[in-house]
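# Close look at the chain arrangement
Read off the chains here:
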Amino acid sequence: MPSVVVIGAQWGDEGKGKIIDFLAKKADVIVRAQGGNNAGHTVIVGENKHTFHLLPSGVLYEEKMNIIGNGVVIDPQAFLDEIKTLESRGINTANIRIDERAHVIFPYHKKIDVLAEEERGETKIGTTKKGIGPCYMDKVERTGIRVGEMIDKELFKQRLFPQIDRKNKILEKIYNVEGFCKESMLRDYEQYASQIKEYVTDTTIIVHEALVSNKRVLLEGAQGALLDVDLGTYPYVTSSHPTSGGFCVGAGVNPLQIDDVLGVVKAYTTRVGFGPFPTELINETGDRIRKEGNEFGTTTGRARRCGWFDGVAVKYTARINGMTGISLMLLDVLSIFDKINICTGYEYEGKTIHNFPASIKELAKCRPIYKEVDGWKEDITSVKTFEELPDNAKKYIKIIEEYLKIPIKIVSVGPKRSQTIIREEIFE
Ligand code: GDP
Ligand code: IMO
Ligand code: MG
C-alpha cells in the first residue's frame, strides 16, 4: 500500500508517535495535516526520548521528507525550537517542509486562548493554551495569516498590522488587558520568517508526486478522532479534523489516494482536558493505570484521566475513519490487573445502546456495560511475537478484534521500537 493514514482513534495520546517512527523506516514521505504544537508525540530510541509537537514523528529518519501540511497551524517560535533541538542532537533538518498555505499562530492567539478559557469558568475545555482554537477561528473567518504571507516581506506588514489592531480592541475592550505592540511583533516575526523561509513550499505537489510515483506516504494524525471538531465530543474537542478525511483538506491528498487507515488505540482509554468519558475510573484502579502507564501529558504535563477500553467509542471512530487495521498500544500496562474490563455497550435511560451518541448530554448519562476478562499478570515487555503472549493477553486482543471486526495488526508492549509485535505488515 503506498499511502497509510495513522490516526488516534480515542481522545489523543494513543502512542501515534511511536508507531509513526516505527513505520517511517519503510516510508518515503511523512505528512502532518492538522493541529499544531498542541500535539505531543513521544518517540523513544535507545536511551533517548524525543518529543515532537509540530514536527512529524518521522524526522529521526533525516533522509525522508517530513512535511507539515497546509492544514496545520504553526507557531514559528515552537517550530524553530524543535529544529534547534534536533540539530543539537546531530539530526539534519534539511528535508523538512512547511506548506505555504499553513496558518500562523501569533501571540494574540495564545493570549486569547488563555483568556477565553478563564472566561468559560466551569465550562472550560481544558485547552493546551497554545493558541490553536483562536488561530483556526481566524482561518475560518478568512482573516488569518498564512506562512506564505509571513515570508513575503512587503505583504506581511500590511496583513499583520490590521490584525493586531483588531485583536488589541478585543483584548482591551472585552478582556480589559493590555494589547500588543505592533512594531515589536513585526520585528520578532520577520526574524522567524527569515529562518523559516528555506522550509516553505507548496507541499501538496511533493505529496502528490510521491503518490503518483508509488512512493510510500505515511499520513500522521495528531490528537484523536473523538477530538474532531465535527465528529468528536463537541465542544470538548480541538479545532481541527483529526480524522482520516482531515488529510484530504489538510494535506491536499485526494480521497482516492488513501489506501489504508490504521487506528492507534490504547489497550485502555485516556483523556486530557474536560468533557464526558463513560469508562473513566475515578478510583484506585484509574490511579493504578495512570501510575503504570505514566499517564501525564507530553505537552502540558497534566495528569491524564484513565479508564477501561471503550469498544463503543472505538467502533464509532472505526466507522467514521474507515479503519482497516488497528495498532493496540500499551498492552503491557494492563499486566498488573487480575481482572480487566472491556466496554461493549452503554446503558442509557434503562436501555442498552451500541452507538456512540452525538450529544454530549446523552453521552454524559451513559453507563458502560462491561465484559470482564481475566488478566495475565505476567511481564510481557520482552515478548516478540503474538504466539509468545500469555493466553489471556491473546484472548483480550481477540475479544477486541472480534467486537470491532477489524484486524489488530500491531501490538505494542513497551515504548521502544523493539517492543512492537507485528501481526500483519503495514507497508507490504
Ligand atoms: P501520541 O500523542 O499519540 O504520540 O502519544 P504520547 O506520546 O503523547 O503518549 C504515549 C506514551 O506512551 C508515550 O510516553 C510513549 O513513549 C508511551 N508508549 C507508547 N507505546 C507504549 C507501549 O506499548 N507501552 C508503554 N508502556 N508505553 C508506550
Ligand atoms: P496528541 O497529538 C490529547 C485536547 C486538550 C483539550 C482539547 C482542546 O499528543 O494526541 P486545544 O489546545 O487543541 O484547543 O485543546 O484537546 N488535546 C489533546 N489531548 N492529545 C493531544 O494531542 C491533544 N491535543 C489537544 O487537552 O481537551
Ligand atoms: Mg500526545
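Everything numeric in this text was worked out from a predicted model, so none of it was measured. (Residues numbered from 1 in each chain as written. Chains lettered and ligands numbered in written order. Predicted model: local features only at pLDDT ≥ 70, side-chain atom pairs only at ≥ 80, totals over all residues. Heavy atoms only, no water.)

### Details of the site of ligand 1
Among the 19 residues in the neighbourhood of ligand 1, the closest are listed as Lys16, Gly17, Thr42, Asp332 and Ser412. The backbone of Gly40 places a nitrogen or oxygen atom 2.8 Å from an oxygen atom of ligand 1. Relative to its unbound accessible surface of 590 Å², ligand 1 loses 91% to contact with the protein. Mapped by element, the contributors of at least two residues to the shell around ligand 1 are α1 (16-24) and β3 (41-45). Partitioning the shell around ligand 1 into residue classes produces five nonpolar, eight polar and six charged. Counting residues domain by domain, the shell around ligand 1 receives three or more from each of domain 1 (3-99 + 200-260) and domain 3 (261-422). (Near = heavy atom within 4 Å. Polar contact = N/O pair within 3.5 Å; in protein donor to acceptor, adjacent residues only side chain to side chain. Areas by Shrake-Rupley, 256 points an atom, 1.4 Å probe, with all protein chains shown as cover. Helix = DSSP H or I, 4+ residues; strand = E, 2+ residues; numbered from the N terminus. Nonpolar A, V, L, I, M, F, W, Y, C, P; charged D, E, K, R; others polar. Domains from an automatic or database assignment.)

### Some points on the packing of aromatic side chains
Scanning the model with the defined rule gives ten aromatic pairs in all. Measuring from ring centre to ring centre gives 5.3 Å for Trp11 and Phe277, while their planes differ by 50°; the resulting arrangement is tilted. Of this pair, Trp11 sits in the loop between β1 (3-8) and α1 while Phe277 sits in the loop between β12 (269-271) and α10 (284-292), placing them 266 residues apart in sequence. Three or more aromatic residues joined by ring pairs form one cluster here, namely Phe106, Tyr108, Phe156, Tyr189 and Tyr192. Between the NZ or CZ atom of Lys64 and the centre of the ring of Tyr61, over which it lies, the distance is 5.6 Å. Between Lys111 and the ring centre of Phe180, over which it is positioned, the NZ or CZ distance is 5.4 Å. (Phe/Tyr/Trp six-rings, centres within 6.5 Å; stacked < 30°, edge-to-face > 60°. Lys NZ or Arg CZ within 6 Å of the ring centre and 35° of its normal.)

### Looking at unusual backbone geometry
Going from Tyr234 to Pro235, the amide bond is cis rather than trans, its omega being 5°. One non-glycine residue, Gln223, lies in positive phi territory at about 55°. Structurally, Gln223 is set in the loop between β10 (217-220) and α9 (246-251). Positive phi is not limited to glycine here, since Leu330 has a value of about 55°. With respect to the helices and strands, Leu330 occurs in the loop between β15 (325-329) and β16 (339-348).

### Regarding the coordination of the magnesium ion (ligand 3)
Protein ligation of the magnesium ion (ligand 3) involves Asp13 (OD) and Gly40 (O), the donor distances falling in the range 2.0 to 2.2 Å. In this pair, Asp13 sits in the loop between β1 and α1 while Gly40 sits in the loop between β2 (29-32) and β3, placing the two residues 27 residues apart along the sequence. A relative accessible area of 10% places Gly40 in the buried class. (Donors = N, O, S within 2.8 Å, 3.2 Å for Na, K, Ca; no water. Buried < 20%, exposed > 50% of the residue type's maximum accessible area, 1.4 Å probe, protein only.)

### Regarding the nonpolar core
In this structure, Met323, Leu331, Leu334, Tyr346, Phe356 and Tyr396 are the most contacted members of the largest nonpolar core, which totals 69 residues. Two domains share this core, each providing at least three of its residues, namely domain 1 (3-99 + 200-260) and domain 3 (261-422). When residues no more than four places from it in sequence are discounted, the contact partners of Leu331 are Ala267, Trp376, Ile380, Ala393, Tyr396, Ile397, Val411 and Ser412. Counting residues in each nonpolar core, the second largest holds 36 residues, with Ile98, Phe156, Tyr189 and Val200 among its members. (Core = buried A, V, L, I, M, F, W, Y, C linked by side-chain atoms within 4.5 Å. Contact = heavy atoms within 4.5 Å.)

### Details of the site of ligand 2
Taken together, the neighbourhood of ligand 2 is formed by 20 residues, with Lys16, His41, Thr128, Gln223 and Thr238 sitting nearest. Between an oxygen atom of ligand 2 and a main-chain N or O atom of Asp13, the distance comes to 2.8 Å. The separation between an oxygen atom of ligand 2 and a polar main-chain atom of Gly126 is 3.4 Å. Here ligand 2 has 550 Å² of accessible area as a free molecule, and 98% of this is covered by the chains. When grouped by side-chain class, the residues that make up the shell around ligand 2 number seven nonpolar, ten polar and three charged.

### Description of the sheet that holds strand β5 (residues 65-68)
Taken together, the ten strands give an open sheet; going across it, the order is β9-β7-β5-β2-β10-β1-β11-β15-β19-β20, and neighbouring strands pair in mixed fashion. With one partner strand each, in any of the chains shown, β9 (200-201) and β20 (420-422) form the two edges of the open sheet. Pairing of β1 with β10, which is carried by four bridges, proceeds in the parallel orientation. When the bridges of β10 are listed, Val5 appears paired with Leu219. Taken strand by strand, helix α13 (residues 391-404) contacts β15 and β19 (408-412), and its axis lies near 145° from that of β19. (Pairing = 2+ DSSP bridges. Axes fitted to C-alpha atoms, helices over the stretch in contact; angles between N-to-C directions.)

Note that all results are geometric; they support no functional claim without further evidence.
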